[in-house]
Amino acid sequence: MGEDSDSRARHVAIIMDGNGRWARQRGLPRAMGHRRGVEAVRNLVRSVKGLGIECLTLYAFSSENWKRPEDEVSDLMQLMRRFIRSDLPEFVANDVRLKIIGDYKALAPDIVEMLENALERTSKGSHVLAVALNYGSQQEIARAATAAAAAGEINAETIAAHLDTADLPPLDLLIRTSGEVRLSNFLLWQCAYAEMIFTEVLWPDFTPDHLRRALDQFSARERRYGGR
Ligand code: FPP
């Protein structure tokens, strides 16, 4: 069953949680937890092609994360700049297409420019890395409903067609690390029929092997989409 193409996950999303706790457990500054979190992202992106996933969506910065202390917000933005700068050539070489979901245009102008350049340079890739930046799912749904209304009709299909994820495969699997069991305003609409896996592993410790095991667990589940 695991090899059956119907039972394989095409689109996986991850709420990367636990960077702060990872650092605290080691007596390190929070910034170090985020830095190691980026390493985990890098390793995972390298594994996507081999795992046969079409799209990996990562919750990197939520619209609520602005409430964190200013120095932490600026650390996260700096990590984003460095990540794009250092990993862009690797994305291109590995057939990764970058996509951004969320209101990323509200970020610093140099980051917006860097992201748009990266979107352009990776536009031919066939494995999507969707990064959620300044993302909030309720806000996304409200934007999509407004656009659907402007186009003449509001229903489930027209709203879905205006979501930031409209061009991505349906979400199959949502993973959240660090033992928290909630969605935190992430992909609320897209989770309608997604399977969910909550793991105790803290994000910096999450490896491609953890993802592979989650995919195996997904393939073993029977999805009924409301039928029987
Ligand atoms: C949660 O840990 C993590 C975040 C708020 C940000 C996730 C960001 C990264 C992994 C790095 C940046 C990403 C990219 C793609 C460059 P937390 O601080 O909430 O941890 P805690 O709950 O243990 O305090």
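Everything in this summary refers to the structure shown in the same document.

Parameters and conventions
Residues numbered from 1 in each chain as written. Predicted model: local features only at pLDDT ≥ 70, side-chain atom pairs only at ≥ 80, totals over all residues. Heavy atoms only, no water. Core = buried A, V, L, I, M, F, W, Y, C linked by side-chain atoms within 4.5 Å. Buried < 20%, exposed > 50% of the residue type's maximum accessible area, 1.4 Å probe, protein only. Helix = DSSP H or I, 4+ residues; strand = E, 2+ residues; numbered from the N terminus. Contact = heavy atoms within 4.5 Å. Pairing = 2+ DSSP bridges. Axes fitted to C-alpha atoms, helices over the stretch in contact; angles between N-to-C directions.

### Topic: the nonpolar core
In step 1: In terms of nonpolar packing, the biggest core is built from 46 residues, with Val-12, Ile-14, Leu-129, Leu-133 and Ile-175 touching the most fellow members.
In step 2: It is helix α3 (residues 70–93) that provides the largest number of residues to this core, a total of 9 residues.
In step 3: Dropping the residues within four chain positions of it, Val-12 is found in contact with Ile-53, Cys-55, Leu-56, Thr-57, Leu-171, Leu-173, Ile-175, Leu-211 and Leu-215.
In step 4: Core analysis: the next-biggest nonpolar cluster, separate from the first, contains 12 residues, Ile-15, Ala-132, Leu-174 and Cys-191 among them.

### Structural notes on the sheet that holds strand β2 (residues 55–62)
In step 1: The parallel open sheet is built from 6 strands, whose spatial order is β3-β4-β2-β1-β5-β6. The open sheet terminates on both sides in strands that have one partner only, identified here as β3 (96–101) and β6 (195–198). Averaged over all adjacent pairs, the angle separating strand axes in this sheet is 20 degrees, with direction ignored.
In step 2: Of the strand pairs in this sheet, β3 and strand β4 (residues 127–135) are connected by 6 bridges, and their pairing is parallel. Across the sheet, the residue bridging to Lys-99 is Ala-130, located in β4.
In step 3: Lying on the sheet, α3 is in contact with β2, β3 and β4; it crosses β2 at an angle near 155 degrees.
In step 4: Sheet contacts for helix α4 (residues 109–121): β3 and β4; angle to β3, the most-contacted strand, approximately 140 degrees.

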